[in-house]
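Read off the chains here:
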There are 2 protein chains.
Amino acid sequence: MEMPEEVAIVASETSPFTRKESSIFELACNPCLEIFRKTNIDRTEVDSVILSTCSTLQYTSSIVSEMLGIKPKNSYRLDNLCNSGTSAIISAFCEIAAGLCDCVLVIGAECETNDSAKKLQWDLTRGSFNLPVHWASLFARSHMRKFGTTEEQMASVSVKNRRNSSRNPIALFRDPVTVEQVMNSRMISDPLKKLDCSFVCTGSSALLLASKRKAKELTDMPIWIRGIGQKTIGASLSQVLSKGEAGLNTTREAAREAYKMSQTEPRDIDVVELHDAFSIMEIMAYEDLFFTPKGQGGKFVAQQQLSINPRGGLLGCGHPIGCTGIAQTAEIAAQLTGRAGETQVNGCKTGLIHNMAAAGSSSSVIILRS
Amino acid sequence: MEMPEEVAIVASETSPFTRKESSIFELACNPCLEIFRKTNIDRTEVDSVILSTCSTLQYTSSIVSEMLGIKPKNSYRLDNLCNSGTSAIISAFCEIAAGLCDCVLVIGAECETNDSAKKLQWDLTRGSFNLPVHWASLFARSHMRKFGTTEEQMASVSVKNRRNSSRNPIALFRDPVTVEQVMNSRMISDPLKKLDCSFVCTGSSALLLASKRKAKELTDMPIWIRGIGQKTIGASLSQVLSKGEAGLNTTREAAREAYKMSQTEPRDIDVVELHDAFSIMEIMAYEDLFFTPKGQGGKFVAQQQLSINPRGGLLGCGHPIGCTGIAQTAEIAAQLTGRAGETQVNGCKTGLIHNMAAAGSSSSVIILRS
């Protein structure tokens, strides 16, 4: 593959995550208005608006464009369940790298009361076990059985991420928790307890992407998209489990591709936002992003040399479905510009975003560099 | 703008348009199965699946990928109301031109019973006049008043397109109509009668796009995407009417851009599929695509030197919302390969697709060449 034209993130904003019922339009506009306030972008320069949301309203991206006073070339809404956000970012990357656009606004917005994305109803083989926690509990039991991973190790993931989110002013959960609190929280689907689970919430986030030429006009701290990897193996749990093991095969493939494209290795990564929809998923992602060998994820929680989920991840921040991948990327972009505030990881230069959907049936990995 | 990497349409199929209630998944798979049957593409070679539909189901593109036995890098659903189809094609173009994908499957599928895209409910300024026919009747009255366009001229558009669709085996309407029949059909919103209006129906269509390298492996008759233009001015009628005239300003801007990118002029175009959601829209599109001067659209119906809507357009084929732009493009691709069957226009080499949404608040124009 030839190296595509260089594409930069030139601005990023995330609005506070809440449990409020909000208009998807108001949610979508808020972080964009912050971007317009803080950068010198003229609204006429926005060539494209991509809205990532699982909302079922129609013509939403054009409505948001009108509300923002933008008259772009194109605008559309995109969804791919929990993996929507990074899909939107990669689509924006392609519009610029293809030479059709210079400046693309990517917005993620989701309201907690949108129930349509919470159940995996299409997969009849799951029967009534159609909530995400059901597959996550299968993964947890499998990992415990095969690798000796413990419930305490899983709890430690939640403890770390809640500690991080306690420093993050936009996070839904600002109170740290202890291993005991996680272990004693209500059992949801054995062995996963309430505090092992992320919480679907309301939230929005936006990124402004630009071509190399345009990026130089807009910022002195562009963050470059250097690696992109994606893999989809279908939609159902049977596809994910087809090799008889609970592993994030799509994540492995996406990560390999992103490392290759960016000419980086796992040890080059300074800061990570990974898709910790459940505590076990963070442990599995350590392995499938190649930060630690297969089976060692449980132990890696305590041994971390990378800064993983500094904003608090999904467990700490909440999980506004179509917004999550964009908020993850906004955090890494902020980290690499040194503007992450209280969650700042010192001296980071290369960051990785991991976003996925529906038991890992699809995954995206993006690698950014300052 | 630099010229992006060359991207070709290597296969296209459209399933019959109907009034049947159908599963969006079955609809989406049908034209793809035809493509797999007729080409030598290996399913493992499909890098990306983009599904254009206004269906409100979740994770649809990944479900369709699984049903088709494809494990692409990425898959997502995209919508932008009636302008969804060409938005999906342009996104696929970008994925290939950016160098991330070699082979992208673009699918449009819509079921008539999806009501969510039929009303323009977001635009409160329209009051109860929130059906597409309401703005179309404003446009018709304005065009009649300013340019002397007649109801008979509008009726002639329907007559032409129904004559064309009578030769098209996949069209919803196979019976030709006369000017008298159109004029005497039920008044819907003065001056537009029932036979001046397209009919929202069930349908699906798919295209396989490929990089230059891949296209050579897959077909000896690639159709090249040479020009792309898009413009969005918002979502509401007030934006469209802001200059005090009923004109398709977004279509004009999109057409200018597509002509420029493809280095063609209106007189170079041999065959056209334009967005005749209502008979008046075809007359306006003649002008705003620069085939005839402003105000001359009514007379152009009888003077046509171009072959416009040879498959029968939306008036003759029906209008399966998220599928329409893809079915239009499939028709032009078929025309340019000489495989359009009974609707074939002789000797065409350059074709244009015009797709738009919500009173022309957004438009896309694509120019193809054999």
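## Regarding the overall build of chain A
Argument step 1. Helix and strand counts for chain A come out as 13 helices and twelve strands.
Argument step 2. Taken over C-alpha atoms, the radius of gyration comes to 19 Å for chain A, in line with the 21 Å a tight globule of 370 residues would show.
Argument step 3. Taken along the three principal axes of its C-alpha coordinates, chain A extends 55 × 40 × 40 Å.
Argument step 4. Split into buried and exposed, the 370 residues of chain A put 66% on the buried side.
Argument step 5. Once local pairs closer than 6 in sequence are excluded, the contacts in chain A between residues at least 24 apart make up 78%.
Argument step 6. For chain A, the accessible surface area stands at approximately 12600 Å², while carbon and sulfur atoms represent 49% of it.
Argument step 7. Across chain A, the centroid of the 39 positively charged side chains sits 3 Å from that of the 39 negatively charged ones.

## Points about the interface of chain A and chain B
Argument step 1. Taken together, the 50 residues of chain A in the interface contact 50 residues of chain B.
Argument step 2. Summing both sides of the interface, chain A and chain B together bury roughly 4400 Å²; the carbon and sulfur share of this comes to 53%.
Argument step 3. Per-residue buried area on chain A facing chain B is highest for Gln58, Tyr59 and Leu100 of chain A; these three make up 19% of the total on that side.
Argument step 4. Where chain A meets chain B, there are 29 residue pairs in polar contact (both at pLDDT 80 or more).
Argument step 5. Of the residues belonging to the side of chain A that touches chain B, the class tally is 23 nonpolar, 19 polar and eight charged.

## Quick notes on the packing of aromatic side chains
All names here are of chain A.
Argument step 1. In this structure the tally under the stated criterion is ten aromatic pairs over all chains.
Argument step 2. An angle of 90 degrees between the planes, with centres 6.1 Å apart, marks the rings of phenylalanine 173 and phenylalanine 199 as edge-to-face. Taken as a pair, phenylalanine 173 in the loop between helix 5 (151–165) and helix 6 (179–184) and phenylalanine 199 in the loop between strand 6 (192–193) and strand 7 (203–211) lie far apart in primary sequence, 26 residues in all.
Argument step 3. With relative accessibility at 27%, the residue phenylalanine 199 sits in the partly exposed group.

## Side note on helix 10 (residues 279–288) of chain A
Residue and element names in this part refer to chain A.
Argument step 1. In terms of residue burial, helix 10 counts as a mostly covered element, since ten of its ten residues are buried.
Argument step 2. Where helix 10 is concerned, the buried positions are Ser279, Ile280, Met281, Glu282, Ile283, Met284, Ala285, Tyr286, Glu287 and Asp288.
Argument step 3. Just downstream of helix 10 lies phenylalanine 290, where phi reads positive at about 70 degrees.

## Concerning the domain arrangement of chain A
Residue and element names in this part refer to chain A.
Argument step 1. Split into domains, chain A comes out as domain 1 (7–114 + 201–223) and domain 2 (131–173 + 225–369).
Argument step 2. A C-alpha centroid distance of 23 Å is found between domain 1 and domain 2.
Argument step 3. Facing 40 residues of domain 1, the contacting portion of domain 2 comprises 37 residues.
Argument step 4. Taken together, the two surfaces of domain 1 and domain 2 that pack against each other cover about 2900 Å², and 72% of this comes from carbon and sulfur.
Argument step 5. Taken as a group, Phe17, Cys82 and Ile223 account for 26% of the area that domain 1 buries against domain 2, more than any other trio of residues on that side.

## Topic: the pairing of strand 3 (residues 74–79) of chain B
Argument step 1. Of all six residues in strand 3 of chain B, six are buried, a share of seventy percent or more.
Argument step 2. Residue alternation in strand 3 of chain B divides its side chains into two sets, Asn74, Tyr76 and Leu78 of chain B and Ser75, Arg77 and Asp79 of chain B, and both sets are buried.
Argument step 3. Bridge analysis of strand 3 (residues 74–79) of chain A against strand 3 of chain B gives three bridges, and the strand direction is antiparallel. Considered in strand 3 of chain B, the bridge of aspartate 79 of chain A is made with arginine 77 of chain B.
Argument step 4. Here strand 2 (residues 48–52) of chain B pairs with strand 3 of chain B via five bridges, running parallel. By the bridge assignment, serine 52 of chain B is partnered in strand 3 of chain B with leucine 78 of chain B.
Argument step 5. For the crossover from strand 2 of chain B across helix 2 (residues 60–68) of chain B to strand 3 of chain B, the handedness is right-handed.

## Focus on the relation of the copies chain A and chain B
Argument step 1. Superposing chain A onto chain B takes a rotation of 180 degrees plus a shift of 0.0 Å along the axis, which leaves an RMSD of 0.0 Å. The relationship between the two copies is best expressed as a two-fold rotation axis.
Argument step 2. With an isologous cut-off of 70% or more, the 100% of interface residues of chain A that recur at the interface of chain B puts this contact in the isologous class.

## Examining the pairing of strand 7 (residues 203–211) of chain B
Residue and element names in this part refer to chain B.
Argument step 1. Along strand 7, nine of the nine residues are buried, which leaves the element largely enclosed by surrounding structure.
Argument step 2. What you see with strand 7 is no split at all: Gly203, Ser205, Leu207, Leu209 and Ser211 on one side and Ser204, Ala206, Leu208 and Ala210 on the other are buried throughout.
Argument step 3. Inspection of the sheet shows strand 1 (residues 7–14) paired to strand 7 by seven bridges, in the antiparallel sense. Paired with isoleucine 9 across the two strands is leucine 209, which belongs to strand 7.
Argument step 4. Sheet analysis places strand 4 (residues 103–110) next to strand 7, joined by eight bridges and oriented antiparallel. Each residue of the ladder has a partner; that of glycine 108, found in strand 7, is serine 205.

## Observations concerning the packing of helix 1 (residues 24–38) of chain A against helix 2 (residues 60–68) of chain A
Residues and elements named next belong to chain A.
Argument step 1. Helix 2 packs onto helix 1 with a crossing angle of 45 degrees between their chain directions and a minimal axis gap of 10 Å. With respect to their mutual orientation, helix 1 and helix 2 come out oblique. Taken as a pair, helix 1 and helix 2 cross one another with a handedness that is right-handed. For the pair helix 1 and helix 2, contact is made by Phe25, Ala28, Cys29, Cys32, Leu33 and Phe36 and by Thr60, Ile63, Val64, Met67 and Leu68, respectively.

## Overview of the environment of isoleucine 70 of chain A
All names here are of chain A.
Argument step 1. Relative to the helices and strands, isoleucine 70 resides in the loop between helix 2 and strand 3.
Argument step 2. Sequence separation between isoleucine 70 and valine 49 is 21 residues, and the spatial gap between their C-alpha atoms is 8.7 Å.
Argument step 3. In contact with isoleucine 70, other than residues within four places in its own chain, are Phe36, Arg43, Val46, Val49, Ser65 and Leu105.

## Topic: the pattern of salt bridges
Residues and elements named next belong to chain A.
Argument step 1. Under the definition given, this model contains 42 salt bridges over all chains.
Argument step 2. Of the charged contacts in the structure, one is a salt bridge between glutamate 13 and lysine 38, with a shortest N-O distance of 3.0 Å. Linking glutamate 13 in strand 1 (residues 7–14) with lysine 38 in helix 1, this pair joins segments that are 25 residues apart in sequence.
Argument step 3. Assessed through its relative accessible area of 16%, glutamate 13 is described here as buried.
Argument step 4. According to the relative accessible area criterion, lysine 38 is exposed, its value standing at 51%.
Argument step 5. Among the charged side chains, a network of salt bridges with common partners joins Glu45, Asp102, Arg213, Lys214 and Glu217.

Procedures and definitions
Residues numbered from 1 in each chain as written. Chains lettered and ligands numbered in written order. Predicted model: local features only at pLDDT ≥ 70, side-chain atom pairs only at ≥ 80, totals over all residues. Heavy atoms only, no water. Helix = DSSP H or I, 4+ residues; strand = E, 2+ residues; numbered from the N terminus. Rg over C-alpha atoms; globule rule 2.2 N^0.38 Å. Buried < 20%, exposed > 50% of the residue type's maximum accessible area, 1.4 Å probe, protein only. Contact = heavy atoms within 4.5 Å. Areas by Shrake-Rupley, 256 points an atom, 1.4 Å probe, with all protein chains shown as cover. Lys, Arg positive; Asp, Glu negative; His and termini not counted. Charge placed at Lys NZ, Arg CZ, Asp CG, Glu CD. Buried area = accessible area lost by both parts, 1.4 Å probe. Polar contact = N/O pair within 3.5 Å; in protein donor to acceptor, adjacent residues only side chain to side chain. Nonpolar A, V, L, I, M, F, W, Y, C, P; charged D, E, K, R; others polar. Phe/Tyr/Trp six-rings, centres within 6.5 Å; stacked < 30°, edge-to-face > 60°. Domains from an automatic or database assignment. Pairing = 2+ DSSP bridges. Right-handed = clockwise from strand over helix to strand, strands pointing away. Least-squares fit on C-alpha atoms with pLDDT ≥ 70 in both. Axes fitted to C-alpha atoms, helices over the stretch in contact; angles between N-to-C directions. Parallel < 35°, antiparallel > 145°, perpendicular 65-115°, else oblique. Left-handed = near helix turned anticlockwise from the far one by under 90°. Salt bridge = Lys/Arg side-chain N within 4 Å of Asp/Glu carboxyl O.

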